[in-house]
Amino acid sequence: MNRVVRSHIIDITGIILIAILVYLISFSSGLGLSFDIPPSLLNLNVIFISILIEALPFVLIGVLIAGFIQIFITEDHIKRWIPKNRTAAVVMSCVAGALFPACECGIVPIIRRLMSKGVPVYAAIGFMLTGPLINPIVIASTYMAFGNDFEMAGLRMGLGFLIAIIVAFSVSIFFKSGQLKNNLHLPHSSEYNRSFLDRIWSMLTHSIDEFFDMAKYLIIGALLASIVQVYMPAKTFLQNADNPVVSLLIMMGFAYVLSLCSEADAFIGASFSSIFPKSSVLGFLIFGPMIDFKNTIMMLSVFRMKFVLGVLALTASVVFFTLVLVQNFI
């Protein structure tokens, strides 16, 4: 049996078993099961399902775009579009991300395909950081969440763009190319000469492969994020809300653990605005879309661990110190 087919059978079996377990937990009372399920486990189940429901549509969009890049975008296209100058490449990648309606759930397969086609690692990271954070849908939802006030949406967009550029430049200094775990198969030049329908079929095939590569890590990330949310002592953290530095770290930690999709996180962030200072709420709104728990798990499946931890540390540090510096001016 083909190795890829066997791998997909294992993945599908695992997903079905997880779905059965979730179903039994969710409807145990209606099914007349005799065992009692602890309330914390039921809460964990609800959070786990909500994260998956929120994330899966964007993962599907992401893998379809990744499949399109795989089949329709050649290395020559990339060479023409990406400036050779590092500064111009970083700025262009951040601008492209800002115009691209992606979520952090679906951005990983896209940047993996872009890097396999020759996009520099620092440009890919710039695109990854701004795509879920500054795209038009996120800005509109932020504007509405904060009472149709453009201040928070503008600060999120401006500071987020600045932070993304700084992180991307830092990545270009500290990391070179070749950060992907495995070299992906690139289409032979003859594949680009096939009929349009054949290429569409190949795109869908590659998208399915990409989905099974990503879905299992999304499930693991969503489960771990749910566990932390249920059993994390939130009341202890809220006691430090008056300290601007500590509260900023708390809100960044919340954003990382909650693993919310960026299209919806502004409404959660707005609910904290009466408890935490503005800089801390911005930390929640900026750091979470750039990198969160489930996103980290998905990145670890694609990139080398040292690189993922480095990007996580760089992003967290730049977000923190930028907001500490500007907190007296906003």
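Just so you know, the residues in each chain are numbered from 1, in the order the chain's sequence is written. Restriction of local features to residues with pLDDT of at least 70 applies here, the model being predicted, together with a cutoff of 80 or more for giving and counting side-chain atom pairs; totals for whole chains, interfaces and linings are based on all residues. The basis for every side-chain value is the complete set of heavy atoms in the structure, and neither hydrogens nor water enter the calculation.

1. Regarding the overall build of the protein chain
Part 1 of the argument: Summing up its helical and strand segments, the protein chain has 15 helices and zero strands in all.
Part 2 of the argument: Buried residues in the protein chain amount to 50% of all 330 residues.
Part 3 of the argument: By definition, residues are in contact when any of their heavy atoms lie within 4.5 Å. Nonlocal contacts in the protein chain, meaning residues at least 24 apart in sequence, comprise 84% of its contacts between residues at least 6 apart.
Part 4 of the argument: Residue burial considers only the protein chains on display, and all accessible areas are found by Shrake-Rupley using a 1.4 Å probe. When the accessible surface of the protein chain is split by element, carbon and sulfur atoms take 69% of a total near 15,600 Å². Secondary structure is summarised from DSSP: a helix means a run of H or I of at least four residues, a strand means a run of E of at least two, and numbering begins at the N terminus for each. A 1.4 Å probe rolled over the protein chains alone gives each residue an accessible area, and that area as a share of the maximum for its type sets the label: buried under 20%, exposed over 50%, partly exposed in between.

2. Quick notes on the side chain of Ser 172
Part 1 of the argument: On the secondary structure map, Ser 172 appears in helix α8 (residues 150-174).
Part 2 of the argument: By relative accessible area, Ser 172 is classed as buried at 5%.
Part 3 of the argument: Whenever a nitrogen or oxygen atom comes within 3.5 Å of another N or O atom, the pair is scored as a polar contact, on the condition that within protein one atom can donate a hydrogen and the other can accept it, and that pairs from neighbouring residues in sequence are kept only if both atoms are in side chains. Of note is the side chain of Ser 172, whose polar atom sits 2.5 Å from the backbone oxygen of Phe 169.
Part 4 of the argument: Ignoring any residue separated from it by four or fewer positions in sequence, one finds Ser 172 in contact with Arg 86 and Tyr 122.

3. A closer look at the packing of aromatic side chains
Part 1 of the argument: The rule is short: rings of Phe, Tyr and Trp, with Trp giving its six-membered ring, pair when the centres are within 6.5 Å, and they are stacked under 30 degrees, edge-to-face over 60, tilted in between. Within the structure shown, the criterion is met by five aromatic pairs.
Part 2 of the argument: Here Phe 303 and Phe 307 contribute two aromatic rings whose centre-to-centre distance is 5.2 Å and whose plane-to-plane angle is 50°, an arrangement assigned as tilted.
Part 3 of the argument: Each ring, one from Phe 320 and one from Phe 321, has its centre 5.2 Å from the other, and the planes form 75°; the classification is edge-to-face.
Part 4 of the argument: Residue classification places Phe 320 among the buried residues on the basis of a relative accessible area of 14%.
Part 5 of the argument: Classification of Phe 321 by relative accessible area gives exposed; the value is 51%.
Part 6 of the argument: An aromatic cluster is built from Phe 175, Phe 303 and Phe 307, whose rings are joined through pairwise contacts.

4. So, the environment of Val 324
Part 1 of the argument: Position of Val 324 relative to the elements: it lies in helix α15 (residues 305-326).
Part 2 of the argument: Looking at Val 324, the relative accessible area reads 23%, which means it is partly exposed.
Part 3 of the argument: Between the C-alpha atoms of Val 324 and Ser 280, which are 44 residues apart in sequence, the distance is 9.2 Å.

5. Some remarks on the packing of α8 against helix α13 (residues 278-290)
Geometrically, a packed helix pair is captured by the angle between its two axes and the distance between the axes.
Part 1 of the argument: Two elements in contact, α8 and α13, have axes separated by 10 Å at closest approach and are oriented at 55°. Here α8 lies oblique to α13, going by the angle between them. Between α8 and α13 the crossing geometry is right-handed. Along its contact with α8, which presents Glu 151, Met 152, Leu 155, Arg 156, Leu 159, Gly 160, Ile 163 and Ala 164, the element α13 presents Lys 278, Val 281, Leu 282, Leu 285, Ile 286, Pro 289 and Met 290.
Part 2 of the argument: Note on residue classes: Ala, Val, Leu, Ile, Met, Phe, Trp, Tyr, Cys and Pro are nonpolar, Asp, Glu, Lys and Arg are charged, and everything else, Gly too, is polar. Taken together, the residues of the contact of α8 with α13 break down into 11 nonpolar, one polar and three charged. Every axis in this analysis is a line fitted to C-alpha atoms, fitted for helices over the stretch in contact. Angles between the N-to-C directions lie between 0 and 180 degrees. Orientation is classified from the angle alone, with under 35 degrees giving roughly parallel, over 145 giving roughly antiparallel, 65 to 115 giving roughly perpendicular, and any other angle giving oblique. Left-handed describes a crossing whose near helix is turned anticlockwise from the far helix through less than a right angle; right-handed describes the clockwise counterpart.

6. Section: the nonpolar core
Part 1 of the argument: In these notes, a set of buried Ala, Val, Leu, Ile, Met, Phe, Trp, Tyr and Cys residues joined through side-chain atoms within 4.5 Å is what counts as a nonpolar core. With 86 residues, the main nonpolar core has Val 171 and Phe 303 as its most contacted residues.
Part 2 of the argument: Among all residues touching Phe 303, those that are not within four sequence positions of it are Ile 111, Met 115, Gln 179, Leu 180, Lys 181 and Val 308.

7. A short note on the confidence of the model for the protein chain
Part 1 of the argument: Across the protein chain, the average pLDDT comes to 78, with 75% of residues at or above 70.
Part 2 of the argument: Residue-level confidence of the predictor is what pLDDT reports, using numbers from 0 through 100. Least confident of the elements in the protein chain is helix α1 (residues 3-26), whose mean pLDDT is 58; most confident is α15, at 95.

8. Side note on a nonpolar patch on the surface
Part 1 of the argument: Patch definition: residues with relative accessible area over 30% and no salt bridge; like charges joined within 9 Å; nonpolar side chains (Val, Leu, Ile, Met, Phe, Trp, Tyr) joined within 5 Å. The salt bridge definition used is simple: a Lys or Arg side-chain nitrogen within 4 Å of an Asp or Glu carboxyl oxygen. A surface patch of nonpolar side chains, about 480 Å² in accessible area, is lined by Tyr 143, Met 144, Phe 150, Met 157 and Phe 267.
Part 2 of the argument: Within the residue set of the nonpolar patch, elements represented by two or more residues are α7 (136-145) and α8.
Part 3 of the argument: Structurally, Phe 150 is set in helix α8.
Part 4 of the argument: Overall, Phe 150 belongs to the partly exposed group, its relative accessible area being 45%.

9. Focus on the packing of helix α6 (residues 121-134) against α7
Part 1 of the argument: Viewed as axis vectors pointing N to C, α6 and α7 meet at an angle of 40°, and their least axial separation amounts to 5 Å. Classified by the angle their axes make, α6 and α7 are oblique. Counting all contacts with α6, which are made through Pro 132, Leu 133 and Ile 134, the residues of α7 involved are Pro 136, Val 138 and Ile 139.
Part 2 of the argument: Residue composition of the contact of α6 with α7, grouped by class: six nonpolar, no polar and no charged.

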